[in-house]
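Per-entry structural report
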Amino acid sequence: MNSSNSNKTFALRLALFLLTAHCSLLTVIAQEVGQAQVLPRQKPSQSIPAPKDVLGFTPGDDRKLASWAQIVDYFKKLDAASDRVMFREIGKTTEGRPFVYAIISSPANLAKLDEYVEINDKLADPRKIKRDDAEAQKLIEKGKTFVVITHGIHSTEVGSTLSSTLTAHRLATSNEGDVRKILDETIIVMVPSLNPDGVDIVKNWYDKTLGTNFEGTSPPELYQKYVGHDNNRDWYAFTQAETRLTVDKIHNVFHPQIVHDIHQQGQNAARFFIPPYEPPVEPNVPKQLIDGYTELGTWVAEQMREKGFEGITTNTTYDAWTPARAYSHYHGGVRILSETASAELATPIEVEFDDLRGRRGFDAKKESANFGPVWKGGKWTLRDVTNYMTAGALHVMKHAAENRETWLSRFYEIGKEATRPRINGELVAFVLPNPDKEGEKPSQKLFNRMDLVSILRRAGVEATVTDDLKVGAKSYGKNTVVIELAQPYGGFAKAMLERQTYPDLLDEEGKPIPPYDVTAHNLALLMGVDIEPAYDLVSYSRTERGAGRGCSSGGSDKPAVPPHGVYRSPQPSMDEGWTRWVIEQRNKDRCDLTYSSVTNTEILSTLKNRTSVVFPDQSPNSILKGYEKDSMPEEYVGGIGEEGVAKLKRFVEDGGTLVFLNRSSDFAIEQFGLPLKDVVDKVEQKDFYIPGSILRIDVDTSHPVAKDMPSDSIAWFERSPAFEVLDESKVKVIARYPSDPSEILLSGWALGVERIAGKAAAVEIPMGKGHIILFGFRPQYRGQSYATFPLLFNAMRR
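These remarks concern the structure in this document.

Conventions we followed
Within each chain, residues carry numbers counting from 1 in the order of the written sequence. Local features are withheld for residues below a pLDDT of 70 in this predicted model, meaning they are given only at 70 or higher, and side-chain atom pairs are given and counted only at 80 or more; totals for whole chains, interfaces and linings count all residues. Side-chain metrics rest on all non-hydrogen atoms present in the structure, leaving aside hydrogens and water. Secondary structure counts use DSSP, requiring at least four H or I residues in a row for a helix and at least two E residues in a row for a strand, with both numbered from the N terminus. Two things to know: the radius of gyration comes from C-alpha atoms, and the globule rule equals 2.2 Å times the number of residues to the power 0.38. To sort residues, take the accessible area from a 1.4 Å probe on protein chains only and compare it with the maximum for the residue type: under 20% means buried, over 50% means exposed, and anything in between is partly exposed. We call two residues in contact when some of their heavy atoms are within 4.5 Å. Strands are treated as partners if at least two bridges between them are detected by DSSP. Each salt bridge in this description consists of a side-chain nitrogen of Lys or Arg and a carboxyl oxygen of Asp or Glu lying within 4 Å of one another. For the purposes of these results, a polar contact is taken to be a pair of N or O atoms within 3.5 Å, where, inside protein, one atom must be able to donate a hydrogen and its partner to accept one; residues adjacent in sequence count only when each atom of the pair is a side-chain atom. Here a crossover is taken to be right-handed if, once the strands point away from the viewer, the path from the first strand over the helix to the second is traced clockwise. Note on geometry: axes are C-alpha line fits, over the in-contact stretch for helices, and angles between N-to-C directions span 0 to 180 degrees. Two aromatic rings from Phe, Tyr or Trp, using only the six-membered ring of Trp, form a pair when their centres are within 6.5 Å; if the ring planes differ by under 30 degrees the pair is stacked, by over 60 it is edge-to-face, and anything between is tilted. Put simply, a charge is over a ring when the Lys NZ or the Arg CZ is close to the ring centre, within 6 Å, and near the line of the ring normal, within 35 degrees. Note that patches include only residues with greater than 30% relative accessible area and no salt bridge, and the join distances are 9 Å for like charges and 5 Å for nonpolar side chains (Val, Leu, Ile, Met, Phe, Trp, Tyr). Accessible surface is estimated by sampling points in the Shrake-Rupley manner with a 1.4 Å probe; for residues, cover comes only from the protein chains shown. In this charge count, Lys and Arg are treated as positive and Asp and Glu as negative; neither His nor the chain ends contribute. Where a charge lies is defined by one atom per residue type: Lys uses NZ, Arg uses CZ, Asp uses CG and Glu uses CD. Buried Ala, Val, Leu, Ile, Met, Phe, Trp, Tyr and Cys residues that are joined via side-chain atoms within 4.5 Å together make up what is termed a nonpolar core. Each angle is binned into one of four classes, with values under 35 degrees roughly parallel, values over 145 roughly antiparallel, values of 65 to 115 roughly perpendicular, and all other values oblique. Amino acid classes used here: Ala, Val, Leu, Ile, Met, Phe, Trp, Tyr, Cys and Pro are nonpolar; Asp, Glu, Lys and Arg are charged; the rest, including Gly, are polar. One less than the number of residues in a helix, times 1.5 Å, gives the span that helix is expected to have.

So, the overall build of the protein
Regarding its fold elements, the protein presents 22 helices and 32 strands. Taken against the 2.2 N^0.38 rule, which gives 28 Å for 798 residues, the C-alpha radius of gyration of the protein at 29 Å falls within 12% of a compact globule. Expressed as lengths along the three principal axes of its C-alpha atoms, the size of the protein is roughly 120 × 75 × 65 Å. A burial count over the protein gives 57% of its 798 residues as buried. Long-range contacts, defined here as pairs at least 24 residues apart, represent 79% of the contacts in the protein between residues at least 6 apart.

Describing the sheet that holds strand 16 (residues 470-471)
What holds strands together in a sheet is hydrogen bonding between their backbones, with the strands either parallel or antiparallel. Taken in spatial order, the 3 strands line up as 17-16-20 in an open sheet, and their pairing is antiparallel. Strand pairing shows two members of the sheet lacking a second neighbour, strand 17 (474-475) and strand 20 (538-539), which therefore form its edges. Bridge count for strand 16 against strand 20 is 2 bridges, and the pairing is antiparallel. When the sheet's bridge partners are listed, Lys-470 is paired in strand 20 with Ser-539.

As for unusual backbone geometry
Residue Pro-276 follows Pro-275 across a cis peptide bond; omega there is 20°. Within the element layout of this structure, Pro-276 appears in the loop between strand 6 (272-273) and strand 7 (278-281). A cis amide bond, omega 0°, links Pro-279 with the succeeding residue Pro-280. Along the chain, Pro-280 falls in strand 7. Phi at Phe-238 is positive, roughly 55°, even though this residue is not glycine. With respect to the helices, strands and loops of the structure, Phe-238 is situated in the loop between helix 9 (196-209) and helix 10 (241-254). Taking the relative accessible area as the measure of exposure, Phe-238 reaches 1% and is therefore buried. Phi at Thr-317 is positive, roughly 70°, even though this residue is not glycine.

Some points on the pattern of salt bridges
Tallied over the full model, the rule gives 50 salt bridges. Sharing partners across several salt bridges, the network here consists of Asp-230, Arg-233, Asp-517 and Arg-782.

With respect to the side chain of His-251
Within the element layout of this structure, His-251 appears in helix 10. The contact partners of His-251, leaving out residues within four places of it in the chain, are Thr-246, Pro-256, Val-259 and Tyr-327.

Regarding the environment of Ser-622
Within the element layout of this structure, Ser-622 appears in helix 19 (residues 620-624). Using a relative accessible area of 7% as the deciding quantity, one classes Ser-622 as buried. Sequence spacing of Ser-622 and Val-147 is 475 residues, and the spatial spacing of their C-alpha atoms is 42 Å. Sequence-distant contacts of Ser-622, defined by excluding residues within four places in its chain, comprise Ser-569 and Gln-571. For Ser-622, the side chain forms a polar contact with the main-chain oxygen of Ser-619, separated by 2.8 Å.

Focus: the side chain of Arg-233
Considering the arrangement of structural elements, one finds Arg-233 in the loop between helix 9 and helix 10. Under the relative-accessibility criterion, Arg-233 is labelled buried at 7%. At a separation of 3.4 Å, a polar atom in the side chain of Arg-233 contacts the side chain of Asp-517. Residue contacts for Arg-233: discarding those within four places in its chain leaves His-154, Ala-324, Arg-325, Tyr-516, Asp-517, Arg-782 and Gln-784.

Re the pairing of strand 22 (residues 595-598)
The sheet contact formed by strand 21 (residues 564-567) and strand 22 spans 4 bridges and is parallel. Considered in strand 22, the bridge of Val-566 is made with Ser-597. Tracing the backbone out of strand 21, into helix 17 (residues 574-589) and back to the parallel element strand 22 gives a crossover that is right-handed.

Digging into the sheet that holds strand 19 (residues 532-534)
On the basis of which strands lie adjacent, the open sheet formed by 4 strands has the order 15-18-14-19 and antiparallel pairing. Only two strands of the sheet have a single neighbouring strand rather than two, namely strand 15 (464-466) and strand 19. Across the sheet, the mean angle from the axis of one strand to that of its neighbour is 30°, orientation sign disregarded. With 3 bridges joining them, strand 14 (residues 429-432) and strand 19 adopt antiparallel strand pairing. Bridging from a neighbouring strand, Phe-430 pairs with Pro-533 of strand 19. Together, strand 14, strand 15 and strand 18 (480-484) form the strand contacts of helix 14 (residues 444-458), whose direction differs from that of strand 18 by roughly 25°.

Things to note about the pairing of strand 3 (residues 145-151)
Counting buried positions along strand 3 yields 7 of 7 residues, so the element is predominantly enclosed. Across 6 bridges, the pairing between strand 3 and strand 4 (residues 186-191) is parallel. Bridged to Val-148 within strand 4 is Val-189.

A few points about the packing of aromatic side chains
Within the structure shown, the criterion is met by 33 aromatic pairs. Consider the rings of Tyr-330 and Phe-492, whose centres lie 6.3 Å apart with planes at 75°: the pair is edge-to-face. Linking Tyr-330 in the loop between strand 9 (319-320) and strand 10 (334-341) with Phe-492 in helix 15 (residues 490-497), this pair joins segments that are 162 residues apart in sequence. As far as burial versus exposure is concerned, Tyr-330 and Phe-492 are alike and both buried. Through pairs of rings, three or more aromatic residues link up here, namely Phe-272, Phe-309, Trp-375, Trp-380 and Tyr-388. Over the face of the ring belonging to Trp-380 we find Arg-271, whose NZ or CZ atom lies 4.6 Å from the ring centre. Stacked on the ring of Trp-407, the Lys or Arg Arg-410 has its end atom at 4.7 Å from the ring centre.

A short note on a negative patch on the surface
Residues Glu-350, Glu-352, Asp-354 and Asp-355 make up a contiguous surface patch of negative charge. Summarising the element assignment, Asp-355 is placed in the loop between strand 11 (349-351) and strand 12 (371-372). In this structure Asp-355 comes out as partly exposed when scored by relative accessible area, which is 45%.

Re the nonpolar core
Counting residues in hydrophobic clusters, the biggest one holds 200 residues, and the most contacted among them are Phe-492, Tyr-737, Ile-756 and Phe-775. The dominant element in this core, judged by the number of residues it contributes, is helix 12 (residues 382-402), at 11 residues. Core analysis: the second largest hydrophobic core is formed by 29 residues, Leu-607, Ala-668, Leu-674 and Ile-772 among them.

Looking at the packing of helix 20 (residues 641-653) against helix 21 (residues 664-672)
At a minimum axis separation of 11 Å, helix 20 and helix 21 run at an interaxial angle of 90°. Put simply, helix 20 runs roughly perpendicular to helix 21. Note on element contacts: helix 21 touches helix 20 through Phe-667, Gln-671 and Phe-672, opposite Val-645, Leu-648 and Lys-649. Tallied by class, residues from the contact of helix 20 with helix 21 come to 4 nonpolar, 1 polar and 1 charged.

What to know about the environment of Glu-242
Relative to the helices and strands, Glu-242 resides in helix 10. Between the C-alpha atoms of Glu-242 and Asn-387, which are 145 residues apart in sequence, the distance is 27 Å. Apart from residues no more than four positions distant in its own chain, Glu-242 is found in contact with Thr-93, Thr-94, Phe-99, Leu-194, Asp-197 and Gln-224.

Quick look at helix 17
Turn by turn, an α-helix covers 3.6 residues, leaving residues three or four places apart pointing in a common direction. Counted at 1.5 Å a residue, the expected span for helix 17 with its 16 residues is 22 Å, and the 23 Å between its end C-alpha atoms agrees. All buried positions along helix 17 are accounted for by Asp-575, Glu-576, Gly-577, Trp-578, Thr-579, Arg-580, Trp-581, Val-582, Ile-583, Arg-586 and Asn-587. Where helix 17 ends, the next residue or the one after it, Cys-591, has phi of about 55°, a positive value.

Here we look at the environment of Ile-103
Structurally, Ile-103 is set in strand 2 (residues 98-104). A relative accessible area of 0% means that Ile-103 is categorised as buried. Sequence separation between Ile-103 and Ser-443 is 340 residues; the distance between their C-alpha atoms is 45 Å. Setting aside residues no more than four positions away along its own chain, Ile-103 makes contact with Arg-84, Val-85, Met-86, Arg-88, Leu-110, Leu-113, Ile-187, Ile-188 and Phe-254.

Written out as structure tokens, the structure reads:
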């Protein structure tokens, strides 16, 4: 060996020695500052699969959709390959698919995940640190911003779930400064789909119709078994399996400061929406959250515009009124809704500039304070959709990282104010008295109260059963429930239990400005539970008890054709799904309403084995005519037609019962020539408008359909008819609205209620040996209106 090589060898050994010593020194330093755990190095990015490696295409490619199994497989492979990703399955969907999420953060954060979850739990409920600001500041300095990103609740919005793989891959592989900051300062909880069943329903339909005239159409079935699009209206009643899993095992575990909910909207308006929301805001949403979503949404919009994204709108179209879409607004976190313009599922479209249209608050052809820059139209693809979504998500996470202490401080302040002790004169609590007398068999009202308490408790509300409640000088009897407002989620309880007063929002022509969804959400009214507000200090001791219920079928024999039917049109109806769900929940308790779906085919052949058929809320035209020719494959075209009307009439005359809910009542009036008039049909909105409100009805309790009902109850009124009886000898009124207009509205918004004062809300028309029963409201509204469930069940058994 020559001296030159010897010197090189010595130098190399010296370098290795120094490097080893340096690494040992770093380990000692880490131990000294409490970071003794040696974490594995990030695996090289080439070992981490890109979405294309698993799915077989890059998300956003034209005419390509992934199955749910492929999406799950991708996240499993990310977990296996990256120390930044943790995959978790937390339960099964309605139809038995895995419900999953991924936690994405730096390896160091993931190693201490339990510690960060505990910090967040204490900030969410400052009573756990005795509301000590100094202690809170220490937690804030150590904690991380939790960001939950939810995708794909509406399964025809196909870009959403696909974009989750793109965002996850970038977080798992990139070493960009922004990404490293996100990984270090935040913990991302990514839900690839809130509706996995729908991922497959939509993909299967898309693949089936690919290359046909029906490519890009929506499937002829609900994309969630029971509720379809209404799955994003379930964030306070918690009826569906997917909602419950998300609330129980994600929201209530991680207590996120930010929830980014990724959606799609129509094709011809803005390319992208992000908050702030337009007025009104539900009054129980904390001001800190209004400031938070305004600041964050405005910043994201500015950043995206700087990067060349066009057609962005804020403070338009979408409001923050109903808790049905915003669980986080009552749990300390902002809901950052984003809405990206759609293609035709995965099929590109061409949008002409002249076809662009605005929505409330902006014109898509003109730049304004809350819209711009203007998109000039042209080709719009699924790649455009995923590009907007991933950019929006990245900037939401970036803001969460750069403003970590601000988000955590805001979160703590919300919890501190919520747990502030109340004083006399303030609203201190809600009291739910025992509806039964001591020693009586538990009534349905008691069961309804139990279910209401269960809903509130699922949302983290503390509700106590007591035998010795005192409110000021007033004493209550045994089995009373008290809900104090000085608790972290007292605002949620207040939103559910107080009556809503929606503002009269009119445009310059005096026409009502519609809410984005509905205007009432008082669960106590909907469920028929008596509530008393308490303005004095309360005292009590805890006494937990329950009343059991269940179903014993008395045997396993079932008729080949169930006696009760629910009409299922080829045109999907969310109300049809809700009707099935409500009946099935009833059967879990009582097993007395065996049913199955009734299709056009059965109506046109025979209904001889049926005793009743329910027609859910659906437009008369969709029942009669269904899909038009050439709009869908031939097997889905058409309604019941004139032949079906004749057979339904014969079914009633032979002793059957037909039950029509809400708008389908107008079908019955028109097709059977019933002696009734819908007094609000075709009335202009400026003269009559009730957009989803709770009204009072007076009930004839002597009528069999009103068995077990109180004399006054509620009606959920939304695009509903109200009946004037034209021949009283042929019509029996089951319920009507009060004759005094001032007594009609209980919660929500109503214009022109004098038009329905004294008018019938539910009627029965005998026909031959059978009956036709019309409800001018939805007695099973979104699975929430327990107060009027008996009307539906009694009608089916008439």
